[in-house]
Amino acid sequence: MMKYTKQIAMRQTLGEVLLKLGEEIPELVVLDSDVSSSTQTIHFGKKYPNRFFNVGVAEANMVDIAGGMATCGLRPVASAFAIFLTLKGAEQIRNVICYNKLPVILLGGYAGLSDSFDGASHQSITDIAVMRAMPNLNVIVPADSVELIQALEQMIHFDGPSYIRICRNPTPVLFENEEPFKFGKIRKTQEGTDITIAACGVPVYMAMEAADELKAIGISAEVLNVSTIKPIDSETLVNSVRKTGCILTIEEHSIIGGMGSAVAEVLMKNHPVKMDSIGISDTFTSTGPYMELLQKYGISKESIIEKALKLIRV
Amino acid sequence: MSTLTDKKLPRKSLQDIEGETDLLKKAAKIHSFAQQCRVDIFDMLYKRGNGHWGGSASAAELLSTLYLHFLDTFPDDPRNPDRDRLVLSKGHAAPMLYNILAKKGYFPMEELNTFRDLNSILQGHPCMNKTPGVDISSGPLGHGISVGLGMALAARLQKKKYWTFVIVGEGCLNEGQSWEGIMSVAKFAPPRLVIMVDYNKVQLDGLCSDIMPLDPLSDKFRAFNLNVADKVYDGHDVKEIMKSLEWAKQNERKPSVIIYKTHKGKGVSFMEDNSKWHGSTIDDESYTKGKAELIETLKKLK
């Protein structure tokens, strides 16, 4: 992670951007489920106590209260740990928020392995799979705090629900002076011709670093940041693999049903190519320091390089 | 057999009920209207071969009194932001809701003939984006109290005066989420939010006392710090329901809970309080016998 000296935790950014959006949008309300000092929505609550609703540890209830508010003209942002929001609140997200296409932003904090020391029970490695299966729901995984701000600024005005996945820990700031995040569009961080590496979330910086190292040994990798997983940018994906002929996906999520699966669904119909995916294999994870955990489950620059070389040589 | 469209009530007959100034007369008219709705949905469910009779019949007077006596509605502008909200948390009572919405003029009566058909605007359970007048989709139990709380909080925040009514049944109150919602209603305590319990004491699989006992129900709500009406009202007596709504009005500054004693399948003696008729198909013999009973009562009410 040495290359990226500036690191910011997305949750810290979240706390700040909600304050700003709260000033601009009087209809914005924030709900949290007794984790506001973790997710950082607490700052909104202090500034706008009348527009902040801490419902206690009751994610399902929180999602439906947000739904009721959204039918009456408010713009709710409902925040909880990703695992509990998307699993305890799954039926509410499906039958109230998505079925009715209500403009609610669902913020899944501490996602992936980032609630690292709390262990498998708190680590969210199925949220993308579950949220992706919900009709009407946008699924967004920002790669850094800059994308998080831009995603929130765009989705708060969207006529329908969005799930936004957030990492707990400080992570590299990648896109500070770049083109802003565009909902539904893949960001190409590097052009290449030998292999496509598609990443989302924190692993995007690993893909960018891996591409640099591959370049040093003469391999030209194209790096795609798939921050909108649904609706997915099929066009950019297909155009990329048409050129490179193979694709490797990497994400901080189970390999079952995540971004890799979304990419495979597009390519199998439109342009099948050699493909491999990096993610958490079908297993429960464990306690430990965040970066070491990612390493343990193969989410690393080294894995990308190893699998990329295999894929190219097949 | 007559068709549903034969039963169509012209809009002016609703004005006759809604505009009645003598409350006793009005109650009698609403009672007769509710019974007519029972007859109509009995026909509809028999013809369609599916749909929930028990829970619909249970809520006939509750829904009729709300729509003809209390709720501020805009059938020509169903999404009017100032309208009163109704959350039918026990969404399987959809047939009764649809029948009343059609008679209120939200959509043509003919649509009732398409209930549960492919591409119908009348889905098996209420869908807000398909049926004009439905304020929130429902059916999966246990959502209503949370959703209604959200609506009532939105009213408070936006300084609007609309009411939010949530109708729950025992099934809803089996769900843990309802009690999360009840805790939150007590905490946030918005005005003009009323939880109505259609307490017929029968659920899909049998008697609540066997499946999942809820008594003492009033005490449970009180223990959660909610304002509960002192008496349990008769949910089939329109005068009683009107009184209960008057009580809610007097208590409008905080959320209220009203429990109504009702009978599942009310109006057909052999279907009353019988879980078999929660959602079973109405066979020919039961239809003939049941219809005769319903008509008999309707005649007495007219």
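Worth saying up front: this structure is predicted, and the values here are computed from it rather than measured.

A. Layout of the overall build of chain B. What chain B contains, in helices and strands, is 12 helices and eight strands. Over its C-alpha trace chain B gives a radius of gyration of 18 Å, about what one expects of a compact globule, namely 19 Å for 302 residues. Each of the three principal axes of chain B carries a C-alpha extent, and together these read 55 × 45 × 40 Å. For chain B, buried positions account for 49% of its 302 residues. The long-range share in chain B, meaning contacts at least 24 apart out of those at least 6 apart in sequence, stands at 76%.

B. Quick look at the environment of Ile 256 of chain A. Residues and elements named next belong to chain A. Residue position: Ile 256 is located in the loop between β13 (246-254) and α11 (259-270). On the basis of neighbour counts, which here come to 15 C-beta atoms within 10 Å, the residue Ile 256 falls in the partly exposed class. Once the C-alpha coordinates of Ile 256 and Thr 86 are considered, the two residues, 170 residues apart in sequence, prove to be 16 Å apart. Ignoring any residue separated from it by four or fewer positions in sequence, one finds Ile 256 in contact with Ala 129, Ser 261 and Asp 282.

C. Spotlight on the sheet that holds strand β12 (residues 228-230) of chain A. Residue and element names in this part refer to chain A. Within the open sheet, the seven strands sit side by side as β3-β2-β4-β5-β7-β6-β12. Their pairing is mixed. Each edge of the open sheet carries a strand with a single partner, namely β3 (52-54) and β12. Adjacent strand axes in the sheet meet at a mean angle of 20°, parallel and antiparallel pairs treated alike. Of the strands in this sheet, β2 (28-32), β4 (75-81) and β5 (105-109) touch helix α1 (residues 10-24), which is tilted by about 145° from β2. Seen against the sheet, helix α4 (residues 59-71) touches β2, β3 and β4 and runs at an angle of roughly 170° to β4.

D. The interface of chain A and chain B, seen in detail. Listed by partner, the interface residues are 24 residues for chain A and 24 residues for chain B. Contributions of two or more residues to the side of chain A that touches chain B are made by α4 and α6 (90-98) of chain A. Counting residues per element, the side of chain A that touches chain B draws most heavily on α4 of chain A, which supplies nine residues. Here the residues of the side of chain A that touches chain B sort into 11 nonpolar, nine polar and four charged.

E. View of the nonpolar core. Core analysis: the biggest nonpolar cluster contains 179 residues, and Ile 197, Ala 207, Ile 304 and Ala 308 of chain A together with Met 196 of chain B have the highest contact counts within it. It is helix α2 (residues 23-48) of chain B that contributes the most residues to this core, 10 residues altogether. Two domains share this core, each providing at least three of its residues, namely domain 1 (7-172) and domain 2 (187-313) of chain A.

Cut-offs applied
- Sequence order as written defines the numbering, with residues in each chain counted from 1.
- Numbering of ligands from 1 and lettering of chains from A proceed in the order in which they are written.
- Given that the model is predicted, a residue must reach a pLDDT of at least 70 before its local features are reported, and side-chain atom pairs must reach 80 or more before they are shown or counted; all residues, however, enter totals for whole chains, interfaces and linings.
- Working definition: helices are DSSP H or I runs of at least four residues, strands are E runs of at least two. Numbering for both runs from the N terminus.
- C-alpha atoms define the radius of gyration in this analysis, and the globule rule sets the expected value at 2.2 Å times the number of residues to the power 0.38.
- Neighbour density around each residue's C-beta defines its exposure: 20 or more other C-beta atoms within 10 Å make it buried, 12 or fewer make it exposed, and counts between make it partly exposed, where C-beta atoms are placed from the backbone.
- For every residue pair, C-beta atoms are placed from the backbone, and the pair is scored as a contact if these atoms sit within 7 Å.
- For two strands to be treated as a pair, DSSP must find no fewer than two bridges joining them.
- Axes here mean lines fitted to C-alpha atoms, for a helix over just the part in contact, with angles spanning 0 to 180 degrees between N-to-C directions.
- Under the scheme applied, nonpolar residues are Ala, Val, Leu, Ile, Met, Phe, Trp, Tyr, Cys and Pro; charged residues are Asp, Glu, Lys and Arg; polar residues are all the others, including Gly.
- The term nonpolar core refers to a group of buried residues, namely Ala, Val, Leu, Ile, Met, Phe, Trp, Tyr and Cys, whose C-beta atoms join them within 7 Å.
- In this entry, domain limits derive from an automatic or database-based domain assignment.

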